[in-house]
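One-letter residues, chain by chain:
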Amino acid sequence: MSKIKVDNTEISVITENGKDFICLTDMMKSKDGDFFLTDWLRNKNTLDYISVWERLNNPNFNYGEFALITAGAGRNSFKVSVKDLTEKCNIKGITSKAGRYGGTYGHKDIAFHFGMWISAEFQLLLVTEYQRLKEEETKRLNSEWDYRRFLSKANYSIHTDAVKNHVIPSLNVEKDKEWIVYANEADLLSVAVFGYTAKQWKEANPKLHLQGLNMRDIADAHQLLVLSNLEGYNAILIEKKFDKYQRLIELRKAAVSQLQSLRKSIYTEDKIKSPYLPEKIKQDNSFGNILGPGKPDKD
């Protein structure tokens, strides 16, 4: 729940499934005189706009029922309610909420249209304040994400020291080839948490790779926290002389267990998704299969 202030009126903004809805009930407080949402809904231009929006954004929109209900638009006797449209036509652009932050909310596109009904000045102020809100959220999210990315590096030196002091001496590799060992150990952690080596991820996500992103950039904070934990855990396993496959099995078990615990916490996955993740993938239910822990491969 966020708030914006337009023309001395405080207006609530909520986010559902990645889409912002603005409180039309709050917006009405800026209208002089008696004014109700039903007055706006009676207008044929309003209904035409809602119909087009639903057809473009809602595959389950019942256009036939909507046409029947709104056939009398423009007549003095015509009336329609949000309840009629949501229950009978399955519209998604307008919704009613109960409780502390209750009221009627419209998708931002529809709320902007409603703002013009109040006044042109109000609509322009609304758009300006909404854009300011989103810019502030983006700055804050990117700042927080930088901190979350730091989490995945917190135990990096512990991990690399273990590789330097125990793995490399046991392999007796040449100095100019040591980077391969470090890369292989990093891949071990990546497979345990994400299910991919760096090379496999690049091949599976060429567009993201071309944007300069890697699997850690588009992971969520739960995965980054687990990755940080596994860096320390892998260092312990190395010192205990577990072979590479044994370590992968143990790291995989730890990743699954820790992710399950974190997913159940109050810090839900929806709140902590990467700002760099494309919107299409954010809303994809198969997201967990893209970045979730993969099965260890002995080969």
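Before reading on, note that the structure itself is shown above.
Residues numbered from 1 in each chain as written. Predicted model: local features only at pLDDT ≥ 70, side-chain atom pairs only at ≥ 80, totals over all residues. Heavy atoms only, no water.

*Asks:* Any details on the pairing of strand β2 (residues 9–16)? Residues and values, ideally.
*Replies:* As defined by bridge partners, strand β1 (residues 2–6) adjoins β2 across five bridges and the pair is classed as antiparallel. Across the sheet, residue Val6 finds its bridge partner in β2, namely Thr9. Counted along the chain from β1 to the antiparallel partner β2, the turn is two residues long, and its residue Asp7 has a positive phi close to 55°. With four bridges joining them, β2 and strand β3 (residues 19–23) adopt antiparallel strand pairing. Looking at the pairing, Ile14 lines up with Phe21 of β3. Following β2, the chain reverses through two residues before pairing antiparallel with β3; Asn17 in that reversal takes a positive phi of roughly 50°. (Pairing = 2+ DSSP bridges. Helix = DSSP H or I, 4+ residues; strand = E, 2+ residues; numbered from the N terminus.)

*Asks:* Could you give an account of the packing of aromatic side chains, with specific residues and numbers?
*Replies:* Inspection of every chain in the model, using the stated rule, returns four aromatic pairs. With 4.8 Å between their ring centres and 65° between their planes, Trp40 and Phe114 make a pair best called edge-to-face. With Trp40 in helix α2 (residues 37–41) and Phe114 in helix α6 (residues 108–118), the pair connects residues that are 74 residues apart, well separated along the chain. Assigned by exposure class, Trp40 and Phe114 land together as buried. Ring plane angle 65° and centroid distance 5.4 Å describe the contact between Phe61 and Phe66, whose orientation is recorded as edge-to-face. (Phe/Tyr/Trp six-rings, centres within 6.5 Å; stacked < 30°, edge-to-face > 60°. Buried < 20%, exposed > 50% of the residue type's maximum accessible area, 1.4 Å probe, protein only.)

*Asks:* An account of the environment of Ile11 is needed here, citing residue identities and associated values.
*Replies:* As for its placement among the helices and strands, Ile11 is situated in strand β2. Sequence separation between Ile11 and Ile22 is 11 residues; the distance between their C-alpha atoms is 7.2 Å.

*Asks:* Mind laying out the pattern of salt bridges, listing which residues take part and the relevant values?
*Replies:* Under the defined criterion, the tally for this structure stands at 11 salt bridges. Close ionic contact of Lys175 with Glu178 constitutes a salt bridge, the shortest N to O distance being 3.7 Å. Residue classification places Glu178 among the buried positions, given a relative accessible area of 17%. (Salt bridge = Lys/Arg side-chain N within 4 Å of Asp/Glu carboxyl O.)

*Asks:* Could you give an account of the environment of Met1, naming the residues involved and the relevant values?
*Replies:* The topology assignment puts Met1 in the segment before β1. When its relative accessible area of 47% is taken as the criterion, Met1 is described as partly exposed. With 13 residues separating them in the primary sequence, Met1 and Ile14 have C-alpha atoms 4.8 Å apart.

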